[in-house]
Amino acid sequence: MNRWITLCACIFVLLAIPFAVTAALVGDGNATMTPGNQTGNQTGNETGNMTVAGYIAQDQNLTRLARALNVTGLYDTLNTGGPYTVFAPNNEAFNALGNVTVNQLFNETTNLTTVLQYHVVKGEYTSANLTSMAGNQTDNQTSGGVLGVLSGLLGGGNQTGNATENMTRNQTGNMTTLKTLTGENLNITVSDGQIMVENANVTMKDINTTNGVIHIIDRVLMPPGLNLTTTGNQTTAGYQTGMTGNTTMA
């Protein structure tokens, strides 16, 4: 009798094992597999509860920018005001300046503040906004260009030259401008989905935060006419500083 009971118990256990394994695999309906075979809950927008400054402070690719914000006191501005659009140079962008120039900037707070403000625009401009704005501006230029061509063909003379100039401007791509905190304009060019800010490429776009949006770029933008006092000659990745004295970084 005992043998019979033991045998039935073993059969019951064997039959129950597949159901237990299936339940373990199914788990919580909200769990999602993530790289490295780890599980985690996907929130959709993981930066939605961070400010612009808060995101920059925790991104390991933006440590030099985070330090610059702290040195200049702009951290508080980007942590409380807004909305802002920030074109954030990554660490590689600062590295391209060279250590001499970077150290010089960090030692000259006024110039560093100007450089950082040149990367910030009031208002929230996503990549979709920038693409739309650039497209609309190009449409307006195209219309003027067609009228200019017709006028040039009919009237000749200087009108033909103006028509040619309009057509050339059209062919340079979709472009718009944004005014920065320094009061200077940034030229934004959109071509085949790629966004350029002056001569910098946007490598990551649309990082949404509670008080604005961040686009990461691969170069540090230098405001027109910025003077840096440098020692020695140094040329790195297209940036050049001169001998001791006032040198214009363009």
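Here, residues in each chain are numbered from 1, in the same order as that chain's written sequence. The model is predicted, so local features are restricted to residues of pLDDT at least 70 and side-chain atom pairs to those at 80 or more, both for listing and for counting; the totals for chains, interfaces and linings are taken over all residues. Side-chain descriptors were evaluated using all non-hydrogen atoms of the structure, hydrogens and water having been removed beforehand.

Peer 1: Got a sec to walk through the overall build of the protein? Specific residues and values, please.
Peer 2: Helix and strand counts for the protein come out as 9 helices and 13 strands. Residues classed as buried in the protein amount to 36% of the 250 residues present. Residue contacts follow a heavy-atom distance rule, with two residues in contact if any of their heavy atoms lie within 4.5 Å. Summarising the internal contacts of the protein: among those between residues at least 6 apart in sequence, 60% fall at separations of at least 24. All accessible areas in this document rest on Shrake-Rupley with a 1.4 Å probe, and a residue is counted as covered only by the protein chains that are shown. For the protein, the exposed area adds up to about 14,300 Å²; of that, 54% sits on carbon and sulfur atoms. Secondary structure counts use DSSP, requiring at least four H or I residues in a row for a helix and at least two E residues in a row for a strand, with both numbered from the N terminus. The buried label goes to any residue with under 20% of its type's maximum accessible area, the exposed label to any with over 50%, and the partly exposed label to all in between, with areas taken from a 1.4 Å probe on protein chains only.

Peer 1: If you had to explain the packing of aromatic side chains to someone new, which residues and values would you point to?
Peer 2: Here the distance between the centres and the angle between the planes together describe a pair of aromatic rings. Under the pairing criterion, centres of Phe, Tyr and Trp rings, with the six-membered ring standing for Trp, must be within 6.5 Å; the plane angle then separates stacked pairs below 30 degrees from edge-to-face pairs above 60, leaving the rest tilted. With the rule as written, the count across this model stands at 0 aromatic pairs. Consider the ring centre and the ring normal. A charge sits over the ring if Lys NZ or Arg CZ is within 6 Å of that centre and within 35 degrees of that normal. For the cation-ring pair, Arg-67 lies above Phe-106, with the distance from its terminal atom to the ring centre recorded as 4.1 Å.

Peer 1: An account of helix α3 (residues 63-72) is requested, with residue identities and associated values reported.
Peer 2: Regarding α3, the residues found buried are Leu-65, Ala-66, Ala-68, Leu-69 and Thr-72. Considered in projection along α3, the buried side chains sweep an arc of 160° and stay on one side of the axis. Just downstream of α3, Gly-73 is the residue with a positive phi angle, here 85°. Working definition: the arc comes from the directions between the helix axis and the C-beta atoms, pointing outward to the latter.

Peer 1: Can you explain the packing of α3 against helix α7 (residues 109-117)? Please cite residues and give values.
Peer 2: α7 packs onto α3 with a crossing angle of 125° between their chain directions and a minimal axis gap of 10 Å. Relative to α7, α3 is oriented oblique. Along this stretch, α3 crosses α7, giving a crossing that reads as left-handed. The segment α3 lies against α7, with Leu-65, Ala-68, Leu-69, Val-71 and Thr-72 engaging Thr-109, Leu-112, Thr-113 and Leu-116. Residue type decides the class: Asp, Glu, Lys and Arg count as charged, Ala, Val, Leu, Ile, Met, Phe, Trp, Tyr, Cys and Pro as nonpolar, and the leftover types, Gly among them, as polar. A class-by-class count of the residues in the contact of α3 with α7 yields 6 nonpolar, 3 polar and no charged. Only C-alpha atoms enter the line fits that serve as axes; for helices the fit covers just the stretch in contact. Angles between N-to-C directions range over 0 to 180 degrees. Throughout this description, any angle smaller than 35 degrees is read as roughly parallel, any larger than 145 degrees as roughly antiparallel, any in the 65 to 115 degree range as roughly perpendicular, and the remainder as oblique. By definition, turning the near helix anticlockwise from the far helix through less than a right angle yields a left-handed crossing, and turning it clockwise yields a right-handed one.

Peer 1: Account for the sheet that holds strand β4 (residues 120-122), with residues named and values stated.
Peer 2: Each pair of strands is called paired provided DSSP finds at least two bridges between the two strands. Spatial strand order, β4-β3-β9-β8-β7-β6-β5: 7 strands in an open sheet with mixed pairing. Each end of this open sheet is capped by a strand with a single partner; those strands are β4 and β5 (174-179). The mean angle between the axes of side-by-side strands here comes to 30°, regardless of whether they run parallel or antiparallel. When strand β6 (residues 185-191) meets strand β7 (residues 194-197), the two strands line up antiparallel, connected through 4 bridges. In the sheet register, Thr-189 faces β7, and the bridge partner there is Met-196.

Peer 1: Kindly report on unusual backbone geometry, identifying the contributing residues and their values.
Peer 2: A cis amide bond, omega 0°, links Gly-82 with the succeeding residue Pro-83. Note on placement: Pro-83 falls in the loop between α4 (74-80) and β3 (84-89). Positive phi values are uncommon outside glycine, yet Asp-192 reaches one of about 55°. Within the secondary structure, Asp-192 is located in the loop between β6 and β7. With relative accessibility at 82%, the residue Asp-192 sits in the exposed group. In this structure, Asp-206 is a non-glycine residue whose phi angle is positive, near 60°. With respect to the helices, strands and loops of the structure, Asp-206 is situated in strand β8 (residues 200-209). Classification of Asp-206 by relative accessible area gives partly exposed; the value is 26%.

Peer 1: Give a detailed account of the side chain of Thr-113, specifying residues and quantitative values.
Peer 2: The residue Thr-113 is located in helix α7 in this model. For this analysis, a polar contact is any N or O atom pair within 3.5 Å, provided that within protein one partner can donate a hydrogen and the other can accept it, and provided that sequence-adjacent residues contribute only side-chain to side-chain pairs. Of note is the side chain of Thr-113, whose polar atom sits 2.8 Å from the backbone oxygen of Thr-109. With sequence-adjacent residues up to four places away left out, Thr-113 is seen in contact with Thr-72 and Leu-74.

Peer 1: I'd like a rundown of the pairing of β6, residues and numbers included.
Peer 2: Alternating residues of β6 divide into Leu-186, Ile-188 and Val-190, all buried, and Asn-185, Asn-187, Thr-189 and Ser-191, none buried. Relative to β6, β5 is paired through 6 bridges, and the arrangement is antiparallel. Within β6, the residue paired with Lys-179 across the bridge is Asn-185. Remark: 5 residues form the turn of the hairpin made by β5 and β6, two consecutive strands paired antiparallel; Gly-183 in that turn has positive phi of roughly 90°. The loop that links β6 with its antiparallel partner β7 comprises 2 residues; one of these, Asp-192, has a positive phi angle of about 55°.

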